[in-house]
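# Structure assessment
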Amino acid sequence: MKKKNLNLAIGLGITSFFLLFALLGQVWTPYNATSMDPMAVNLAPCAAHLMGTDNFGRDILSRVMNGSGSTFFVAVCTVLIGGVFGTIVGAVTGYFGGWADNLIMRFNDILLSFPSILLALIFVSLMEPGSYHIILALGILFIPSFARIVRSEVIRCRELDYVKSARIMGAGSLRIIFLHILPNARVSMLTAAAIGFNNAVLAEASMSYLGLGIQPPEPSLGRMLSEAQSFLFNAPWYAIFPGVTIILIILGFSMVSEGLRALQE
């Protein structure tokens, strides 16, 4: 198997595992993810608690399972918002060009010149913390990156022979864009989506770590890392398992994006 296919296969395997892990956590967990047990505080990993317990006696495995679902939910919604609106903006501006294209792309450049996580932190801090506000902020901030990628693909394809043939046969502009050009740009769009998932997972964990993301008592991988800081020496498993979960989710999507990018070469 070629290296690019191997990266894609491993990435899809890791991503699929954690997706199933997160989905399972929404319907079943070994313990209630928010239930406290004062008799089981900071227990090390054992048969009863495979990932141990935290400082409130909550089962870490249950919280990681449930928190992974929240992370995937935020990432999926963010990429959908950024992808759908970014695709529309990039496709229309790239195909028609003109002054509107120049104006929108310059505005895109301004937004892209700032770190998306920093802008998201500013937006969320101006609103009430919560998953829906994170989704709204990140979704809006992801639009420019998707728009730029789609625009470049549309500009590349709009003068190709198959597009000219469709135009000669009387196909309308929207039909050409959405039925002829965009399907041929799907690999680039999927690569952008995988990178967007990575950024969304990292952004959600960062904002939850700072207390601006998913609020207690709902589990969040980023907030678990924040809460575990005081127990790094006497209960290191509290930080290790949420941290490793975030790392592996990001690794999975990174390998998927690398594999998809290699397919284009």
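Residues numbered from 1 in each chain as written. Predicted model: local features only at pLDDT ≥ 70, side-chain atom pairs only at ≥ 80, totals over all residues. Heavy atoms only, no water.

Here the focus is helix α7 (residues 173-181). Listed as buried for α7 are Ile 176, Ile 177 and Ile 181. All buried residues of α7 fall inside an arc of 95° around its axis, so they share one side. When the buried face of α7 is taken as reference, the exposed residues oriented beyond 90 degrees from it are Leu 174 and Leu 179. Contacts made by the buried residues of α7 are with α2 (60-96), α5 (131-157) and α6 (161-168). (Buried < 20%, exposed > 50% of the residue type's maximum accessible area, 1.4 Å probe, protein only. Helix = DSSP H or I, 4+ residues; strand = E, 2+ residues; numbered from the N terminus. Arc of directions from axis to C-beta. Contact = heavy atoms within 4.5 Å.)

The next subject is the nonpolar core. Ranked by internal contacts, the top residues of the largest apolar core, which has 45 residues, are Ile 60, Val 64, Leu 138 and Met 207. Elements supplying a minimum of two residues to this core: α1 (3-27), α2, α4 (116-126), α5, α8 (186-209), α9 (221-227) and α10 (237-264). At 9 residues, α2 tops the list of elements feeding residues into this core. Judged by nonpolar contacts, the second largest core, of 12 residues, contains Ala 91, Ala 166, Ile 177 and Leu 182. (Core = buried A, V, L, I, M, F, W, Y, C linked by side-chain atoms within 4.5 Å.)

The peptide bond linking Pro 216 to Pro 217 adopts the cis configuration, its omega dihedral lying at 5°. Within the fold, Pro 217 resides in the loop between α8 and α9. Its identity is not glycine, yet Asn 42 carries a phi of approximately 50°, on the positive side. Looking at where Asn 42 falls in the secondary structure, it is placed in the loop between α1 and α2. A residue is classified by how much of its surface remains accessible, and Asn 42, at 18% relative accessible area, is buried.

Turning our attention to the environment of Ala 44. In this fold, Ala 44 is placed in the loop between α1 and α2. Using a relative accessible area of 39% as the deciding quantity, one classes Ala 44 as partly exposed. Sequence separation of Ala 44 and Val 154 is 110 residues, and the distance between their C-alpha atoms is 55 Å. In this structure, Ala 44 is in contact with His 49, Gly 52 and Trp 237, ignoring residues within four places of it in sequence.

Time to look at the confidence of the model for the protein chain. Interpretation of the predicted coordinates at a detailed level should be avoided for regions scoring low in pLDDT. On average, residues of the protein chain score 90 in pLDDT, and 98% of them reach the 70 mark or higher. Mean pLDDT in the protein chain bottoms out at α4, which sits at 81, and peaks at α2, which reaches 95. (pLDDT = per-residue confidence, 0-100.)

Contact geometry for α2 and helix α3 (residues 98-112): axes closest at 8 Å, N-to-C directions at 135°. The orientation of α2 with respect to α3, classified from their angle, is oblique. Two packed elements cross with a definite hand, and for α2 against α3 that hand is left-handed. Contact with α2, carried on its side by Val 89, Thr 93 and Phe 96, involves Gly 98, Asp 101, Ile 104 and Met 105 of α3 and no other residues of that element. Split into classes, the residues belonging to the contact of α2 with α3 amount to 4 nonpolar, 2 polar and 1 charged. (Axes fitted to C-alpha atoms, helices over the stretch in contact; angles between N-to-C directions. Parallel < 35°, antiparallel > 145°, perpendicular 65-115°, else oblique. Left-handed = near helix turned anticlockwise from the far one by under 90°. Nonpolar A, V, L, I, M, F, W, Y, C, P; charged D, E, K, R; others polar.)

So, on to the pattern of salt bridges. Under the criterion given, the structure shown has 8 salt bridges. A salt bridge links Arg 106 to Asp 109, with the nearest nitrogen and oxygen atoms 3.1 Å apart. Residue Arg 106 and its partner Asp 109 are located together in helix α3, separated by 3 residues, close to a single helical turn. Since its relative accessible area comes to 45%, Arg 106 is described here as partly exposed. Its salt-bridge partner being Arg 261, residue Glu 258 comes within 2.8 Å of it at the nearest N-O pair. Of this pair, Glu 258 and Arg 261 both sit in helix α10, 3 residues apart, which is roughly one turn of the helix. According to the relative accessible area criterion, Arg 261 is partly exposed, its value standing at 30%. Linked through salt bridges whose partners overlap, the residues forming this network are Asp 54, Arg 58, Arg 63 and Glu 227. (Salt bridge = Lys/Arg side-chain N within 4 Å of Asp/Glu carboxyl O.)

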